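Observations on chain architecture
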Amino acid sequence: METLSENRSFGGTQGVYSHASRATGGDMTFGLFLPEEASDGPVPLLWYLSGLTCTHENAMVKAGAQAWAAEQGIALVFPDTSPRGDGVANHDNYDLGQGAGFYIDATEPPWTPHFRMQSYILEDLTRLLFNDFPLDEERQSITGHSMGGHGALTLAAKLPDRFKSVSAFSPICNPTKSDWGKKQFAAYLGSINAGETHDATCLAESGALDNLPILIDTGTDDQFGDLLCTEALAETLMRRRAEATIRMQKGYDHSYFFVSTFMEDHISFHAEALWR
């Protein structure tokens, strides 16, 4: 692992690091905020998964999360959204290829060799974080924005015993029914139907989210609202009587102005679960 930068932030340290990933077959970069309490021993970890076109840097710089994480004594990790570099498949469209990993493991060429973001998050990066930093492996939660909200919900559904809580800002809730999902599942997995195991609404229907505390915020003026399919997930969770709070925030859009406005709520929500 290589340290690219470390800066003092709210009493803790915001670092950026690079490492070789077996899952993606190349170097990956991530940001990690450690609160002051980490100098005394392991602290809980909140994963933040970013959206389409983002790198590790967008949320790290724009979400305003470090102040609230420092207040709660929680670490934050900001992974990249895809493999990158020469030799890594890409596409002219912004929502496919580099910057659009969708937090799944591709099974179809030319994506298969590198696009294994589910394994990267849940295996490679996890091993590195808990081996190299003072983090409490028994206290993890996950959040994300847009494509990252999709990733947070689906990864939490697959590993409900690992994550204490899950939240999302403007998540893609039903990607097998959305153009933000159909295209990617067809390309990465060979068919739209193959994406059902990576679809939050389908996973909720199976009961996979029944026992996790869930918080979702979406803006009523989200310019991508038709692609998010919030209603489908809300109806499914309500029918399942899952422990979920879904809030439609009046006048807010899809931007980081929206994310930063409600970041305190989300970190407080996770802190309650992580310190329980």
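Going by the structure above, here's the rest.
The sections below set out a description of the structure shown in this document.

1. Some points on the overall build of the protein
When you go through the protein residue by residue, the secondary structure sums to 9 helices and 9 strands. Against the globule reference of 19 Å for 276 residues, the protein gives a C-alpha radius of gyration of 17 Å, in line with a compact fold. Considering only C-alpha atoms, the protein reaches an extent of 45 × 45 × 35 Å along its principal axes. Per-residue burial over the protein gives 58% buried out of 276 residues. When contacts within the protein are restricted to residue pairs at least 6 apart in sequence, those whose partners lie at least 24 apart make up 71%.

2. Comments concerning the pattern of salt bridges
Across all of its chains, the model carries 9 salt bridges by this definition. With its nearest N and O atoms 2.7 Å apart, the salt bridge here joins R247 to D217. Within this pair, whereas R247 is found in strand β9 (residues 244–249), its partner D217 is found in strand β8 (residues 214–219), the two being separated by 30 residues in sequence. Owing to a relative accessible area of 26%, R247 belongs among the partly exposed residues under this scheme. A relative accessible area of 0% places D217 in the buried class. Note that D265 is salt-bridged to R247, the shortest N-O span being 3.0 Å. Taken together, the positions of D265 in helix α9 (residues 256–274) and R247 in strand β9 put the pair 18 residues apart, joining distant regions of the chain. For D265, a relative accessible area of 34% corresponds to the partly exposed category.

3. Describing the side chain of D105
If you trace the backbone, D105 turns up in the loop between β5 (75–79) and α3 (117–132). A relative accessible area of 18% means that D105 is categorised as buried. At 3.2 Å, the side chain of D105 forms a polar contact with the backbone nitrogen of Q118. Within polar-contact distance, the side chain of D105 engages the side chain of S119 at 2.5 Å. Ignoring any residue separated from it by four or fewer positions in sequence, one finds D105 in contact with F115, R116, M117, Q118, S119 and L189.

4. Some thoughts on helix α2 (residues 65–72)
Among the residues making up α2, those that are buried are A65, Q66, A69 and A70. Each buried residue of α2 sits inside an arc of 130° when the element is viewed along its axis, so together they form one side. Against the buried residues of α2 lie β1 (2–9), β2 (12–21), β3 (26–34), α1 (57–62), β5 and α9.

5. Observations concerning the pairing of β1
Two strands pair when backbone bridges link them, and β1 and β2 are joined in this way by 7 bridges, in the antiparallel orientation. If you follow E6 over to β2, its bridge partner there is G15. The turn linking β1 back onto β2 is made up of 2 residues, and F10 within it adopts a positive phi angle of 50°.

6. Some points on the environment of G64
Positionally, G64 belongs in the loop between α1 and α2. Separated by 195 residues in the primary sequence, G64 and V259 place their C-alpha atoms 8.6 Å from one another.

7. Comments concerning the pairing of β5
Burial analysis of β5 places 5 of its 5 residues in the buried class, which makes it a mostly covered element. Burial along β5 is two-sided: A75, V77 and P79 and L76 and F78, pointing in opposite directions, are all buried. Examined bridge by bridge, β3 and β5 share 4 bridges and lie antiparallel to one another. Bridge assignment links F33 to a residue of β5, and that residue is L76.

8. Description of the environment of C54
Summarising the element assignment, C54 is placed in the loop between β4 (43–49) and α1. Counting along the chain gives 122 residues from C54 to T176, while the straight-line C-alpha distance between them is 22 Å.

9. Overview of the sheet that holds β9
Whenever strands of a sheet pair, they do so through backbone hydrogen bonds, lying parallel or antiparallel. Taken together, 9 strands build an open sheet; the order of strands is β1-β2-β3-β5-β4-β6-β7-β8-β9 and the sheet is mixed. In the strand order of this sheet, the two ends are held by β1 and β9, each with one partner. If you compare each strand with its neighbour and ignore which way they point, the axes differ by 20° on average. Against the sheet, α2 contacts β1, β2, β3 and β5, and its axis sits at roughly 145° relative to β5. Along the sheet, helix α8 (residues 230–240) makes contact with β8 and β9, crossing β9 at roughly 150°.

10. Remarks on the packing of aromatic side chains
Applying the stated criterion across every chain, the model contains 13 aromatic pairs. Plain terms: the ring middles of W111 and Y188 are 5.3 Å apart, the flat faces sit at 85° to each other, and that makes the pair edge-to-face. Of this pair, W111 sits in the loop between β5 and α3 while Y188 sits in helix α5 (residues 179–189), and the two are 77 residues apart along the sequence. The same class applies to W111 as to Y188, namely buried. Between Y252 and F258 the ring centres are 6.1 Å apart and the planes differ by 50°, which places this aromatic pair in the tilted class. A relative accessible area of 0% places F258 in the buried class.

Rules used in this analysis
- Residues numbered from 1 in each chain as written.
- Predicted model: local features only at pLDDT ≥ 70, side-chain atom pairs only at ≥ 80, totals over all residues.
- Heavy atoms only, no water.
- Helix = DSSP H or I, 4+ residues; strand = E, 2+ residues; numbered from the N terminus.
- Rg over C-alpha atoms; globule rule 2.2 N^0.38 Å.
- Buried < 20%, exposed > 50% of the residue type's maximum accessible area, 1.4 Å probe, protein only.
- Contact = heavy atoms within 4.5 Å.
- Salt bridge = Lys/Arg side-chain N within 4 Å of Asp/Glu carboxyl O.
- Polar contact = N/O pair within 3.5 Å; in protein donor to acceptor, adjacent residues only side chain to side chain.
- Arc of directions from axis to C-beta.
- Pairing = 2+ DSSP bridges.
- Axes fitted to C-alpha atoms, helices over the stretch in contact; angles between N-to-C directions.
- Phe/Tyr/Trp six-rings, centres within 6.5 Å; stacked < 30°, edge-to-face > 60°.

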